[in-house]
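# What the coordinates show
Now for the letters of each chain:
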Amino acid sequence: MGVLSLTYEVVFLIITYMKEFECKGCGTFVCVPADKNKSPVCPECRGVMLLIGNSGGQADLKEFVCSECEGVFFMQKDKLPYKCAFCNYTFSTSPRLKQQERL
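Residues numbered from 1 in each chain as written. Predicted model: local features only at pLDDT ≥ 70, side-chain atom pairs only at ≥ 80, totals over all residues. Heavy atoms only, no water.

## Overview of the confidence of the model for the protein chain
Considering every residue of the protein chain, the mean pLDDT works out to 79; 70% of them sit at 70 or more. Taken together, the stretch residues 1-15 has pLDDT below 50 and engages in three contacts with residues farther than four places along the chain or on a different chain. (pLDDT = per-residue confidence, 0-100. Contact = heavy atoms within 4.5 Å.)

Next comes the structure, spelled out in structure tokens:
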């Protein structure tokens, strides 16, 4: 019973301490951990992201971790990022590509 309670508390803390951003240009929705001081850049169009509040606990988010800067951000499950939200790393768009490149 204690494990279930602890798990719920951890999930609650993760959901509560996320910042939500929306791109002014294309409307892409991104969440980042609240302890991240740097504002993200749109991972799809590289536009300016507006802080719209704290996470409301959306369950349809997928975690992405940049292999270059190790930045963590979350996007809707049906979307794939083109670039990292914090650096200029380009995510692979095809499973056949072996190398990612900086553009």
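## Some remarks on the pattern of salt bridges
Tallied over the full model, the rule gives one salt bridge. One salt bridge connects Glu 44 with Lys 79, and the closest N-O pair in it is separated by 4.0 Å. Of the two residues, Glu 44 is situated in the loop between strand S2 (29-33) and strand S3 (49-54) and Lys 79 in the segment after strand S5 (72-76); the sequence distance between them amounts to 35 residues. The class for Glu 44 is partly exposed, based on a relative accessible area of 30%. (Salt bridge = Lys/Arg side-chain N within 4 Å of Asp/Glu carboxyl O. Helix = DSSP H or I, 4+ residues; strand = E, 2+ residues; numbered from the N terminus. Buried < 20%, exposed > 50% of the residue type's maximum accessible area, 1.4 Å probe, protein only.)

## Describing the sheet that holds strand S4 (residues 61-65)
Pairing within the open sheet is antiparallel, and its five strands lie in the order S3-S1-S2-S5-S4. A strand with exactly one partner marks an edge of an open sheet, and here the two such strands are S3 and S4. If you compare each strand with its neighbour and ignore which way they point, the axes differ by 30° on average. As paired elements, strand S1 (residues 18-23) and S3 share five bridges and run antiparallel to each other. If you follow Glu 22 over to S3, its bridge partner there is Leu 50. (Pairing = 2+ DSSP bridges. Axes fitted to C-alpha atoms, helices over the stretch in contact; angles between N-to-C directions.)

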